[in-house]
Amino acid sequence: MENLKTKKLNDKGFSLVELIIVIAIMAVLIGVLAPQYLRYVERSRESADLDTIDTLASAVQIYMADPANSVTTAAVLSCTGGSVDTTTDTTVQNALSDAGITGTPTMKSTAYQDWTITYALDGMITYGGTNGSALQTAMGY
């Protein structure tokens, strides 16, 4: 009986070998899962950016198609360095204002940092800029 009490008092915590094994297993799991997580986060950012761009593009298209808005020049929606420029084109300003979009939208992903979308008076839409072709493909045009 006395031998059992002494054995229980000496069995406190984990051994160094057990701790090293657990740390090694965790390191392997993190090494495998971290890149997957980072790709997932970037895909989420790209999806959010495409949603934002689609909202902005739709607002400009609707504004340009409305005969009540006497639009006489092409509209240019552009993004440079991840920041969408909503101040240089008055048609874009009016379109976003009519749609209730305020502020300066920013792109979070690396895929859609520099692009332009030009809306001609005849309804033609042209994509340009560094990421313009990728944006055109992603938008389905």
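Attention here is on the structure that accompanies the text. What you see is a predicted model, and the numbers here were worked out from it, not measured in a lab.

Here is what the cut-offs are and how they apply
- Residues numbered from 1 in each chain as written.
- Predicted model: local features only at pLDDT ≥ 70, side-chain atom pairs only at ≥ 80, totals over all residues.
- Heavy atoms only, no water.
- Patch = residues over 30% accessible without salt bridge, like charges linked within 9 Å, V, L, I, M, F, W, Y side chains within 5 Å.
- Areas by Shrake-Rupley, 256 points an atom, 1.4 Å probe, with all protein chains shown as cover.
- Salt bridge = Lys/Arg side-chain N within 4 Å of Asp/Glu carboxyl O.
- Buried < 20%, exposed > 50% of the residue type's maximum accessible area, 1.4 Å probe, protein only.
- Helix = DSSP H or I, 4+ residues; strand = E, 2+ residues; numbered from the N terminus.
- Contact = heavy atoms within 4.5 Å.
- Pairing = 2+ DSSP bridges.

## Looking at a nonpolar patch on the surface
- Residues V17, I21, I25, V28, L29, V32 and L33 make up a contiguous nonpolar surface patch of about 670 Å² in total accessible area.
- Residue class for L29 comes out partly exposed when judged on its relative accessible area of 47%.

## Some thoughts on the environment of A111
- Topologically, A111 is positioned in the loop between α3 (90-98) and β3 (115-119).
- C-alpha separation for the pair A111 and G140, spaced 29 residues apart in sequence, amounts to 16 Å.
- Once residues lying within four places of it in the same chain are set aside, the contact partners of A111 are E42, E46 and N131.

## Details of the pairing of β3
- Here β3 shows a buried face lined by W115, I117 and Y119 and an unburied face lined by T116 and T118.
- One ladder, built from 5 bridges, connects strand β1 (residues 75-80) with β3; its direction is antiparallel. Counted as the bridge partner of V76 is T118 from β3.
- Bridging between β3 and strand β4 (residues 125-128) involves 4 bridges; their strand directions are antiparallel. In the strand pairing of β4, I117 is matched with Y127.
- Counting the residues that bridge the hairpin from β3 to β4 gives 5 residues, and of these G123 lies at a positive phi of roughly 95°.

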